[in-house]
Amino acid sequence: GSESAVAVTADRATTPPQPNPVAAPAAPAAASGLSGKLVFQTTFGGPIYLYELASGNLRQLTTGFDPALSPDGSQVAFTRSGGENGIYLINTDGSNEHKIFGERELLLSPKWSPDGKWLAFVRGDEFEPCFVNEDDGRCYREPLFPGGNAFDNPSGKNRIAKLARVDVNGGNYRDLATLE
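What you see is a predicted model; the values in this text were computed from it and never measured.

What counts and how
- Residues numbered from 1 in each chain as written.
- Predicted model: local features only at pLDDT ≥ 70, side-chain atom pairs only at ≥ 80, totals over all residues.
- Heavy atoms only, no water.
- Helix = DSSP H or I, 4+ residues; strand = E, 2+ residues; numbered from the N terminus.
- Buried < 20%, exposed > 50% of the residue type's maximum accessible area, 1.4 Å probe, protein only.
- Areas by Shrake-Rupley, 256 points an atom, 1.4 Å probe, with all protein chains shown as cover.
- Pairing = 2+ DSSP bridges.
- Axes fitted to C-alpha atoms, helices over the stretch in contact; angles between N-to-C directions.
- Salt bridge = Lys/Arg side-chain N within 4 Å of Asp/Glu carboxyl O.
- Phe/Tyr/Trp six-rings, centres within 6.5 Å; stacked < 30°, edge-to-face > 60°.
- Core = buried A, V, L, I, M, F, W, Y, C linked by side-chain atoms within 4.5 Å.
- Contact = heavy atoms within 4.5 Å.

Sorry if this is basic, but what is going on with the overall build of the chain here?
Within the chain, the regular secondary structure consists of zero helices and 13 strands. Start at the N end of the chain and walk to the C end: the helices and strands fall as β-β-β-β-β-β-β-β-β-β-β-β-β. Every one of the 180 residues in the chain was classed for burial, and the buried ones make up 35%. Accessible area of the chain: about 10400 Å², with a carbon and sulfur share of 51%.

Can you walk me through the sheet that holds strand S7 (residues 86-91) in this structure?
With antiparallel pairing, four strands are arranged side by side in an open sheet as S5-S6-S7-S8. The open sheet has two edge strands with one neighbour each: strand S5 (65-69) and strand S8 (98-101). Averaged over all adjacent pairs, the angle separating strand axes in this sheet is 30°, with direction ignored. In the sheet, S5 pairs with strand S6 (residues 75-80) via three bridges, with the strands oriented antiparallel. Counted as the bridge partner of Leu 69 is Val 76 from S6.

Looking at this structure, I do not really get the pairing of S5. What am I missing?
Residues in a regular strand point their side chains to alternate faces of the sheet. Across the five residues that make up S5, a large majority, five, are buried. Where S5 folds back on S6, the antiparallel hairpin that results is connected by five residues, among which Gly 73 adopts a positive phi of roughly 75°.

How should I be thinking about unusual backbone geometry in this particular structure?
The phi torsion at Ser 109 lies on the positive side, around 55°, for a residue other than glycine. As for its placement among the helices and strands, Ser 109 is situated in strand S9 (residues 107-112). Since its relative accessible area comes to 22%, Ser 109 is described here as partly exposed. Backbone geometry at Asn 172 places phi at a positive 55°, although glycine is not the residue there. Positionally, Asn 172 belongs in the loop between strand S12 (156-167) and strand S13 (174-176).

How should I be thinking about the pattern of salt bridges in this particular structure?
A side chain with one charge may pair with a side chain of the opposite charge, provided their charged atoms come close. Considering all chains together, one arrives at four salt bridges under this definition. A salt bridge links Glu 97 to Arg 80; its shortest N-O distance comes to 2.9 Å. On the criterion of sequence distance, the pair formed by Glu 97 in the loop between S7 and S8 and Arg 80 in strand S6 is long-range, its members being 17 residues apart. In this structure Glu 97 comes out as partly exposed when scored by relative accessible area, which is 35%. Among the residues examined, Arg 80 registers a relative accessible area of 9% and is labelled buried. When the shortest N-O distance is used, the salt bridge between Arg 123 and Asp 175 registers 2.9 Å. Taken together, the residues span a long stretch of sequence, with Arg 123 in strand S10 (residues 118-132) and Asp 175 in strand S13 at a distance of 52 residues. It is possible to trace a salt-bridge network through shared partners that takes in Arg 80, Glu 84 and Glu 97.

Help me out: how do you make sense of the packing of aromatic side chains in this one?
Between two aromatic rings, the relevant description is the distance of the centres plus the angle of the planes. Tallied over the entire structure, the rule returns six aromatic pairs. Aromatic side chains Phe 40 and Tyr 49 sit 5.6 Å apart centroid to centroid with 25° between the ring planes, which places their arrangement in the stacked category. Residue class for Phe 40 comes out buried when judged on its relative accessible area of 17%. By relative accessible area, which is 3% here, Tyr 49 ends up buried.

Just to check I follow, could you spell out the nonpolar core for this structure?
One broad trend across soluble globular proteins is that nonpolar side chains are buried collectively. If you look at the biggest cluster of nonpolar residues, it comprises twelve residues: Ala 68, Ala 77, Ile 87, Leu 89, Ile 100, Phe 101, Leu 107, Trp 112, Leu 119, Phe 121, Ala 164 and Val 166. When residues of this core are traced back to their parent elements, those giving at least two are S7, S8, S9, S10 and S12. What Ile 100 contacts, discounting residues up to four positions off in sequence, is Ile 87, Tyr 88, Leu 89, Leu 119, Val 166, Asp 167, Val 168, Asn 169 and Gly 170.

Listed below in structure tokens is the structure:
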């Protein structure tokens, strides 16, 4: 049979990972008739858990952020930053964790193609000049004074989020067209 694949991600927070694991539910969910798997993170860069709806089994798979369950329910894609920057895959049984792509910076939010052969993701390694407002600290594309040329004298830079994709082996990288 076909399993439903659902992924839920907690809001990104700057709170450091908590050492206490999430407790498994007291009673299995089998009585509810639910099936499939759920992957989620509890803190940004912290533990990634797999919850099996039919059995109520909850276990930690790995650490990272933005987990996404493959369409067939057999693998989880996720990202890491810093020295481990990249897009990773791990089997839902906890085996075969490996980095598939790390040639760009600030990789986020991998999403599976419906056929499970591709991963689309956000990369944040490009910038554009901007003007920093001293009152609120925000960066604006246009100058904050009338009649100024937009980038004659920029005072900061804005990160530009771009979309890209790779195959499940990390090859065939391509930027995807996006709107601002």
